[in-house]
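# Coordinates in review
Chain residues, written in single-letter form:
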Amino acid sequence: DTPAAWLALYFAFNLGLTLYNKGVLVKFPFPYTLTAVHALCGSIGCWIALELGYFKPQPLTRAEAITLGAFSVLYTVNIAVSNISLHLVTVPFHQVVRAATPLFTIALGATLLPNRGPPSKLKLMSLLPVVAGVGFATYGDYYFTAWGLFLTLLGTFLAACKTIVTNLLQSPPPHVAKLGKLAKLSGTTFHAPQLHPLDLLLRMSPLAFIQCVVYAYLSGELERVRAFGATEMTRGRATALLFNGVIAFGLNVVSFTANKRTGPLTMTVAANVKQVLTIVLAVMIFDLTITPTNLLGIVLTLAGGGWYGAIEYGEKKRKSRA
C-alpha cells in the first residue's frame, strides 16, 4: 500500500485496457457506447463494494454535490473532445500534443493551487526528455487542421483539469480550503469533499453513463449499435465487452487511488510513460516495426520517467525526515 505499488497497478491496468480496447473496438467500433459500458460496470462494481462494506459513503452538502456534477461533465467532455480531435489530426500528432499535459498541469496547479508551491527545477528538467521522447516515439505523419489543433489543445487542457480536480476531490480539507484565482473568478468558495476513491467512483460512474448514452444518441451512434446488436452481436463479443468493463472498473479504482497517493503531476508523467510502454507492447504483440527515431523516443521517455520518479522519491523522503 505505497505510492509506487499503486503506480505499478496503474501501469498494469492502463496498458491492459488500452491494448484490450484496441481489440474490442475492431469488432465493436462504438467508442461512446464502450465508454458507457465502462461507466455502467464502474457503477455496478462500486455498488457491490458498498454492499460488502469496503467503504462508507460520505454525506455531501448541496455545494459538494454540484461540484461532483460539474466534475462528471468535465470527465465526459474530456473523452468527447479527445475522440473528436482524433478525426481531425493524425495519431502521432495527437500523441505529441497530449504529451504536453504535464506542462498544462504545472500551469493550472500554479494558478489553482498556489499554496502547494511550484515544482522544483529538477522536476521541470525531467519533463523535457519525457515530452520530447513521446514526440520521437510517435514520429510519423503530423497532419492536422486548424480546428483539429484547437480541439487537441483543448483536450490536453481538459485532461490536466480532470487530473487536478480528481486529486482535489480526495484531498484533506486543509489543502483545498483556498484556491486562489479560481475562487476570485467564480466569486464562490470551492467545495471539495474528501472522498474515498470508491465513493468518488460510485458518484461519478452513473452520471458519466447517462452523459455518454446521451452523446451516443445525439451523434447517431446508438442507432448503429442497435443495428449491430440485431445482426452481429454474439455471446463471445458480449462476454468480451463485459470483461472489458471489469478491467475499466479496476483501472478507475487504481487510477483514483494512485492520483490521491502521488499527485496530479506525477499521474500526467505516468500517463506519458504509459503511452510509450503501449508502443513497446504493441510492437511485441502485433509484430510491428519501429524506426531508430521511434526507439530513441522510447528510451528518452522511459529515462525521463525514471528520472522524475527518482526526484519525486527523494523529495518525499526529505520531507518525511523534516
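Cut-offs and rules
- Residues numbered from 1 in each chain as written.
- Predicted model: local features only at pLDDT ≥ 70, side-chain atom pairs only at ≥ 80, totals over all residues.
- Heavy atoms only, no water.
- UniProt positions renumbered as here; feature names shortened; annotations may be inferred.
- Axes fitted to C-alpha atoms, helices over the stretch in contact; angles between N-to-C directions.
- Helix = DSSP H or I, 4+ residues; strand = E, 2+ residues; numbered from the N terminus.
- Left-handed = near helix turned anticlockwise from the far one by under 90°.
- Contact = heavy atoms within 4.5 Å.
- Nonpolar A, V, L, I, M, F, W, Y, C, P; charged D, E, K, R; others polar.
- pLDDT = per-residue confidence, 0-100.
- Core = buried A, V, L, I, M, F, W, Y, C linked by side-chain atoms within 4.5 Å.
- Buried < 20%, exposed > 50% of the residue type's maximum accessible area, 1.4 Å probe, protein only.
- Phe/Tyr/Trp six-rings, centres within 6.5 Å; stacked < 30°, edge-to-face > 60°.

- If you check an unreviewed UniProt entry, the protein chain appears there as TPT-domain-containing protein from Calocera viscosa.
- Per its UniProt entry, the protein chain bears the Subcellular location (unreviewed entry) comment "Membrane".

## Quick word on the packing of helix 2 (residues 31–51) against helix 11 (residues 235–262)
- The geometry of helix 2 relative to helix 11 is characterised by a closest axis approach of 8 Å and an angle of 65° between their N-to-C directions. Crossing of helix 2 over helix 11 shows right-handed handedness. Contacts between helix 2 and helix 11 involve Leu34, Val37, His38, Cys41, Gly42, Gly45 and Cys46 from the former and Leu241, Leu242, Asn244, Gly245, Val246, Ala248 and Phe249 from the latter.
- Split by residue class, the contact of helix 2 with helix 11 holds nine nonpolar, five polar and no charged.

## Comments concerning the confidence of the model for the protein chain
- Residues at a pLDDT of 70 or more form 78% of the protein chain, whose mean pLDDT is 76.
- Mean pLDDT per element in the protein chain: helix 8 (residues 181–186) is the minimum at 44, and helix 10 (residues 221–231) is the maximum at 90.
- In the predicted structure, residues 174–190 sits below a pLDDT of 50 and forms 22 contacts with residues beyond four places in sequence or in another chain.

## Here we look at the UniProt feature "transmembrane region" (unreviewed entry) in the protein chain
- Per the UniProt annotation, the sites labelled "transmembrane region" (unreviewed entry) are residues 30–54, 66–89, 95–113, 122–140, 146–169, 200–218, 238–258 and 292–311.
- Annotated as residues 292–311, this span is 100% helix and 0% strand, and its ends, taken at the C-alpha atoms, are 28 Å apart.

## Examining the side chain of threonine 33
- For threonine 33, the position within the fold is in helix 2.
- Not counting chain neighbours up to four residues away, the residues in contact with threonine 33 comprise Phe28, Ala216, Glu221, Leu222 and Val225.

## Considering the nonpolar core
- Ranked by size, the top nonpolar core spans 25 residues in total, and within it Leu198 and Leu200 carry the most contacts.
- Broken down by secondary-structure element, the contributors of at least two residues to this core are helix 2, helix 3 (62–86), helix 7 (146–168), helix 9 (197–218) and helix 11.
- Broken down by element, this core gets its largest block of residues, seven residues, from helix 7.

## A closer look at the packing of aromatic side chains
- Using the criterion set out here, one finds six aromatic pairs in the structure.
- Judged by centre distance (5.5 Å) and plane angle (75°), the rings of phenylalanine 30 and phenylalanine 228 are edge-to-face. With phenylalanine 30 in the loop between helix 1 (3–27) and helix 2 and phenylalanine 228 in helix 10, the pair connects residues that are 198 residues apart, well separated along the chain. Phenylalanine 228 shares its class with phenylalanine 30; the two are buried.
- Put simply, the rings of Phe28, Phe30 and Phe228 touch in pairs and so form one group of aromatic residues.

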